[in-house]
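Examining the three-dimensional arrangement
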Amino acid sequence: MITCLIIDDEPFAREALNDQLKIYPELEVIGQCSNAIEGMQAIGKLKPQLIFVDIQMPKISGLEMVAMLDPDSMPRVVFVTAFDEYAIKAFDNHAFDYLLKPVDEARLATTISRVRRDLRQVPLDAVLPTQLEHVPCYCGNRLKVINVEEVEFAFSDLSGIHVTTAQEQVHTHLTLKVLEEKTDLVRCHKQYLVSPQAISEIVILENGAEVLTHSGKTVPVSRRFLKPIKQLFGFH
């Protein structure tokens, strides 16, 4: 059984594709999401093998959402779009496949056949943004989109990944690895990333250091990462 998610901000488009997929007994639609943040949460929780993602969605596009996924555990991605130029761009840059809206039955059958045959990870680097502009976050039952430049630091603990701004602390399904690779946050500790723009002071301690942010928060710096942090500001 191939498990899949449908991620599209248009409810009728989601339902239409869901109905079309019902004729394939080897496919199981395990969820539908109306935006990229819901999609990220569902992917992290349900671990689908295949996702159908609309390219044009508000706040965070389908392309940007897929760029946020950990490449080591990324499901197969089929982009769905009403805009031909986006579809051709995605196809030319080695997306697993694409579908144009309204989805043609014969074209969908071709896609499903390819999914059956292909179990390899599909490279998407050429089409996906190399830098993220937003971080999809949640706090209780609230879903939030945080601009990357608002983030002072991010860290991990046993309860997950946390994102801290000057005003609040929220949570994200993004990994520290993705945040480090696709934002300006830099590693200062095994469990912490910090924004260089947020640093106001570096305090040297016996076993490492800590930085103070402009909003007065403290972030640990391990001995291993102290030199690179100091070099960001011309210290040796």
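All of these numbers come straight from a predicted model, not from anything done at the bench.

On to the side chain of H162, then. Structurally, H162 is set in strand β9 (residues 160–165). Among the residues examined, H162 registers a relative accessible area of 4% and is labelled buried. Polar side-chain contacts of H162 include one of 3.5 Å to the backbone oxygen of G160. Sequence-distant contacts of H162, defined by excluding residues within four places in its chain, comprise F153, A154, F155, D157, Q169, V170 and H171.

Within a beta sheet, neighbouring strands are joined by backbone hydrogen bonds and run either parallel or antiparallel to one another. Strand order in this open sheet of three strands is β13-β14-β15, and the pairing throughout is antiparallel. Two strands in the sheet have a free side with no partner beyond their single neighbour: β13 (199–205) and β15 (218–221). Strand-to-strand twist of the sheet, defined as the mean angle between neighbouring strand axes without regard to direction, takes the value 25°. Direction of pairing for β13 relative to strand β14 (residues 208–213): antiparallel, over a ladder of six bridges.

What follows concerns the pairing of β9. For β9, the tally of buried residues reaches five of six residues, placing the bulk of the element in the interior. Sheet analysis places strand β8 (residues 151–157) next to β9, joined by six bridges and oriented antiparallel. Residue A154 lies in a different strand from β9, and its bridge partner there is V163. The hairpin turn running from β8 into β9, its antiparallel successor, is two residues long. Sheet topology places β9 next to strand β10 (residues 169–172); four bridges connect them, and they run antiparallel. Residue pairing across strands places T164 opposite Q169, the latter belonging to β10.

About the criteria used
Residues numbered from 1 in each chain as written. Predicted model: local features only at pLDDT ≥ 70, side-chain atom pairs only at ≥ 80, totals over all residues. Heavy atoms only, no water. Helix = DSSP H or I, 4+ residues; strand = E, 2+ residues; numbered from the N terminus. Buried < 20%, exposed > 50% of the residue type's maximum accessible area, 1.4 Å probe, protein only. Polar contact = N/O pair within 3.5 Å; in protein donor to acceptor, adjacent residues only side chain to side chain. Contact = heavy atoms within 4.5 Å. Pairing = 2+ DSSP bridges. Axes fitted to C-alpha atoms, helices over the stretch in contact; angles between N-to-C directions.

Without other data, these values stay purely geometric and don't point to any function.
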